[in-house]
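# Structural overview
The primary structure of each chain is shown beneath.
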Amino acid sequence: MTLAVDLLNPLEATERSSHKLKRLVQSPNSFFMDVKCSGCINITTVFSHAQTVVLCNGCTTVLCQPTGGKARLTEGCSFRKKSA
């Protein structure tokens, strides 16, 4: 009898959508990111699940606002994930 799903080699889409503790290799959903301010082009490091409002160090504009989960970036700000 064969299984319908390969347990040793799961699909990438199913791994991403599964809970962080039920993946084949446990990994967190959160990350740090570099956010570039749209006004002064200053780069600030922000946590993806920030619980406070993050302001730009140069011009004090709001970079991201907290939500229930991930922080929402303001319009015009660009970001990239920081490498480990």
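Below is a short write-up of the structure. (Residues numbered from 1 in each chain as written. Predicted model: local features only at pLDDT ≥ 70, side-chain atom pairs only at ≥ 80, totals over all residues. Heavy atoms only, no water.)

## Here we look at the overall build of the protein
We count it as follows: Going along the chain from the N terminus, every DSSP run of H or I of four or more residues is numbered as a helix, and every run of E of two or more is numbered as a strand. With the radius of gyration taken over C-alpha atoms, the globule rule is written as 2.2 Å times the number of residues to the power 0.38.
Looking only at helices and strands, the protein has 1 helix and 6 strands in total. For the protein, the succession of helices and strands along the chain, N to C, is α-β-β-β-β-β-β. Taken over C-alpha atoms, the radius of gyration comes to 18 Å for the protein, far larger than the 12 Å a tight globule of 84 residues would show. Along the first, second and third principal axes, the C-alpha set of the protein runs to 65 × 25 × 20 Å.

## Observations regarding the sheet that holds strand β2 (residues 43-47)
As a reminder, the rule being used: For two strands to pair, DSSP has to find at least two bridges joining them. What counts as an axis is a line fitted to C-alpha atoms, over the stretch in contact for a helix, and the angles between N-to-C directions run from 0 to 180 degrees.
Strand order in the open sheet formed by 3 strands is β2-β1-β6, and the pairing between neighbours is antiparallel. The strands lining the two open edges of the sheet, one partner per strand, are β2 and β6 (78-81). Taken pair by pair, the neighbouring strands of this sheet meet at an average axis angle of 30°, ignoring direction. Bridge analysis of strand β1 (residues 32-36) against β6 gives 4 bridges, and the strand direction is antiparallel.

## Some thoughts on the packing of aromatic side chains
Under the convention used in this document: Any pair of Phe, Tyr and Trp rings, taking the six-membered ring for Trp, is counted once the centres come within 6.5 Å. Such a pair is stacked with planes under 30 degrees apart, edge-to-face with planes over 60 apart, and tilted for the rest. Either the NZ atom of lysine or the CZ atom of arginine qualifies as a charge over a ring when it sits within 6 Å of the ring centre and within 35 degrees of the ring normal.
Evaluated as defined, the whole model comprises 1 aromatic pair. On the numbers, 5.1 Å between centres and 55° between planes, the contact of phenylalanine 32 with phenylalanine 47 is tilted. Of the two residues, phenylalanine 32 is situated in strand β1 and phenylalanine 47 in strand β2; the sequence distance between them amounts to 15 residues. We note lysine 81 situated over the ring of phenylalanine 31; from NZ or CZ to the ring centre the distance is 4.5 Å.

## Comments concerning the sheet that holds strand β3 (residues 54-55)
As summarised here, the arrangement of the 3 strands in space is β3-β4-β5, forming an open sheet in which the pairing is antiparallel. Unpaired on one side and paired on the other, β3 and β5 (72-73) mark the two borders of the sheet. Of the pairings in the sheet, the one linking strand β4 (residues 62-65) to β5 comprises 2 bridges and is antiparallel in character. Opposite glutamine 65, over in β5, you have arginine 72 as the bridge partner.

## A few points about the nonpolar core
Selection rule: Here, the term nonpolar core denotes a set of buried Ala, Val, Leu, Ile, Met, Phe, Trp, Tyr and Cys residues that are joined through side-chain atoms within 4.5 Å. Think of it in three bands: residues with accessible area under 20% of the maximum for their type are buried, residues over 50% are exposed, and the middle band is partly exposed, with areas taken using a 1.4 Å probe on protein chains only. Residue contacts are counted whenever heavy atoms from the two residues lie within 4.5 Å of one another.
If you look at the biggest cluster of nonpolar residues, it comprises 12 residues: Phe31, Met33, Val35, Cys37, Val46, Ala50, Val54, Cys56, Leu63, Cys64, Ala71 and Cys77. For this core, the secondary-structure elements that each account for two or more residues are β1 and β4. Cysteine 37 has contacts with Asn42, Cys56, Cys59, Thr61 and Leu63, leaving out every residue within four places of it along the chain.

## Considerations on the environment of serine 83
Residue position: serine 83 is located in the segment after β6. We classify serine 83 as exposed; its relative accessible area is 70%. In sequence terms serine 83 and cysteine 56 are 27 residues apart; their C-alpha atoms lie 21 Å from each other.

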